[in-house]
Amino acid sequence: MSPMSIAFDFDRWEKVKRDYTRWWAGELDRPLISVTLYGRDPGRPEPKLPFHGFIPSYDASVPVEQIVDRWDYQLSSCEYLGDAFPGVWPNLGPGVLSVFLGAELEPGLETVWFHPREDREISDIQFRYRPDDVWMPRLKEFYKCATEKWQGLVQLAMTDLGGNLDVLSTFRPSEKLLLDLYDYPDQVKRLTWEAHDSWFRCFADLDATFRQSSPGYTAWAPIFSTEPSYMLQCDFCYMIGPDMFNEFVRPELVAACKRLVNPFYHLDGPGQLPHLDSLLSIAELKGVQWIPGAGAPDCAHWPEVYRKIHNAGKLIQLYGSVPCPELDTLVEQVGTGKGIILIGDAPLDRKDEVLEFLAKYGVA
């Protein structure tokens, strides 16, 4: 059960904690650059169990120990440079809170779907966190097994709970929720706040499972924080305008940001840009992850978006292969690398190029 095949140690964790804490506080005068190199010899045989990104892709008969061992092999096959660190994300699917509120989980081949168990009118729906759902004990088994396996060497990420209107859209799919905004606005708001309460009950429940044995907090985006943090989102708001966003989405986001020390927001696609000004006016929101989306120009082509985020005093996160010309462009556009985090990867045979790129930004 030794984690020694993973190329990391607790001294490096102390540096990660210091640098990320300074970054969150606006005290780090360089960008955070997290680079995971893949292709390292793991120093151990490869498990027979295949790697899947979603836990439900494994049959329920597969012991959690075997799956965690497979994760250990994946972690051992990497080298962590710059501000990177080893972490795992027990993923039950995007917006799994809906399952803990009564929806049904349908596993597929490398994907997961959520469905309402029955078609109900919005006035007949009530949200109550159900910690005894079959998937919650299974998820807690993963966290407990990972805790025993790695003894705090590996960051355990919060599963993808989802955004509250996104969760509600599981129970009122397709155009139903859009019509509810007009026809039953009070019911939508009631369920939004019921989901909000359930979301934080679930967050606290899972946090208690691994808090003492994980270095800190991450979500599906591996931005490390020593204090409670999450990548908030509302993909549903792609389909609504600013007035409805401010009425149905923003109040709950404000409340969520106040309950998390380091909240980020996942701004997904050009359809969410009309809501950016409203998001940036949330004082407690620490940063924005801008994802241009499939078919849109890459991150280097949105200077007005990044300048607006930067000028509002918010942090910025982007993804990319390293060396990353998009980061170079972004730093040029906003005038500084301070307050930016790049999460990227590269093959091991490009290590020298990566180290040169890190050195350019003062990343040891």
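In case you missed it, the structure is sitting above this.
Residues numbered from 1 in each chain as written. Predicted model: local features only at pLDDT ≥ 70, side-chain atom pairs only at ≥ 80, totals over all residues. Heavy atoms only, no water.

Student: Help me understand the sheet that holds strand β1 (residues 32-38) in this model?
Tutor: Think of a sheet as strands paired side by side through backbone hydrogen bonds, with each pair either parallel or antiparallel. A sheet is described by the order of its strands in space; here 7 strands give the open sequence β2-β1-β11-β10-β9-β8-β7, paired in mixed fashion. Either end of the sheet is taken by a strand with one partner, and the two such strands are β2 (78-82) and β7 (229-232). When strand polarity is set aside, the average angle formed by the axes of neighbouring strands in this sheet is 20 degrees. As paired elements, β1 and strand β11 (residues 340-347) share 7 bridges and run parallel to each other. What sits directly across from S34, in β11, is I343. Helix α9 (residues 303-311) contacts β9 (287-291) and β10 (315-321) of the sheet and is inclined by roughly 140 degrees relative to β10. (Pairing = 2+ DSSP bridges. Helix = DSSP H or I, 4+ residues; strand = E, 2+ residues; numbered from the N terminus. Axes fitted to C-alpha atoms, helices over the stretch in contact; angles between N-to-C directions. Contact = heavy atoms within 4.5 Å.)

Student: It is not clear to me how the packing of helix α3 (residues 135-150) against helix α6 (residues 185-210) should be interpreted in this structure. Could you clarify?
Tutor: A packed helix pair is summarised by two numbers, namely the angle formed by the two axes and the spacing between the axes. Two elements in contact, α3 and α6, have axes whose closest approach is 9 Å; the angle formed by their N-to-C orientations is 30 degrees. Taken together, the axes of α3 and α6 lie roughly parallel to each other. The hand of the α3/α6 crossing is right-handed. Only C202, D205, L206, T209 and F210 of α6 make contact with α3, whose side of the interface consists of M136, L139, K140, Y143, K144 and T147. By residue class, the composition of the contact of α3 with α6 is 6 nonpolar, 2 polar and 3 charged. (Parallel < 35°, antiparallel > 145°, perpendicular 65-115°, else oblique. Left-handed = near helix turned anticlockwise from the far one by under 90°. Nonpolar A, V, L, I, M, F, W, Y, C, P; charged D, E, K, R; others polar.)

Student: When you look at helix α4 (residues 164-171) in this model, what are you seeing that I'm missing?
Tutor: Owing to its 3.6 residues per turn, the α-helix brings residues three or four apart onto one side. For α4, the buried fraction is high: 7 of the 8 residues fall into the buried class. For α4, the elements touching its buried residues are β5 (111-115), α5 (176-183), α6 and α7 (242-259). (Buried < 20%, exposed > 50% of the residue type's maximum accessible area, 1.4 Å probe, protein only.)

Student: Would you take a moment to explain the packing of aromatic side chains for this structure?
Tutor: For any two aromatic rings, the description comes down to two numbers: the centre-to-centre distance and the angle of the planes. By the definition in use, this model includes 21 aromatic pairs. With a centroid separation of 6.4 Å and an interplanar angle of 20 degrees, the aromatic rings of W23 and F264 are classed as stacked. Placement of the pair is W23 in helix α1 (residues 10-24) and F264 in strand β8 (residues 262-268), with a sequence separation of 241 residues. A residue is classified by how much of its surface remains accessible, and W23, at 1% relative accessible area, is buried. Given a relative accessible area of 2%, F264 falls into the buried group. (Phe/Tyr/Trp six-rings, centres within 6.5 Å; stacked < 30°, edge-to-face > 60°.)

Student: Could you clarify how one ought to interpret the pairing of β10 in this entry?
Tutor: Working note: regular strand, side chains alternate between the two faces of the sheet. Among the 7 residues of β10, 5 are classified as buried, and the element is accordingly described as predominantly covered. Running through α9, the crossover from β9 to the neighbouring parallel element β10 is right-handed. Two elements, β10 and β11, share 6 bridges in a ladder whose sense is parallel. Within β11, the residue paired with I316 across the bridge is I340. A crossover links β10 with its parallel partner β11, the connecting element being helix α10 (residues 325-334), and its sense is right-handed. (Right-handed = clockwise from strand over helix to strand, strands pointing away.)

Student: Help me understand unusual backbone geometry, please; the structure alone is not making it clear to me.
Tutor: Trans is the common state for peptide bonds, and a negative phi is the common state for residues other than glycine. The linkage connecting V322 with the following residue, P323, adopts the cis geometry, with an omega of 5 degrees. Relative to the elements of secondary structure, P323 occurs in the loop between β10 and α10. One non-glycine residue, S174, adopts positive backbone phi at about 60 degrees. Mapped onto the elements, S174 comes out in the loop between α4 and α5.

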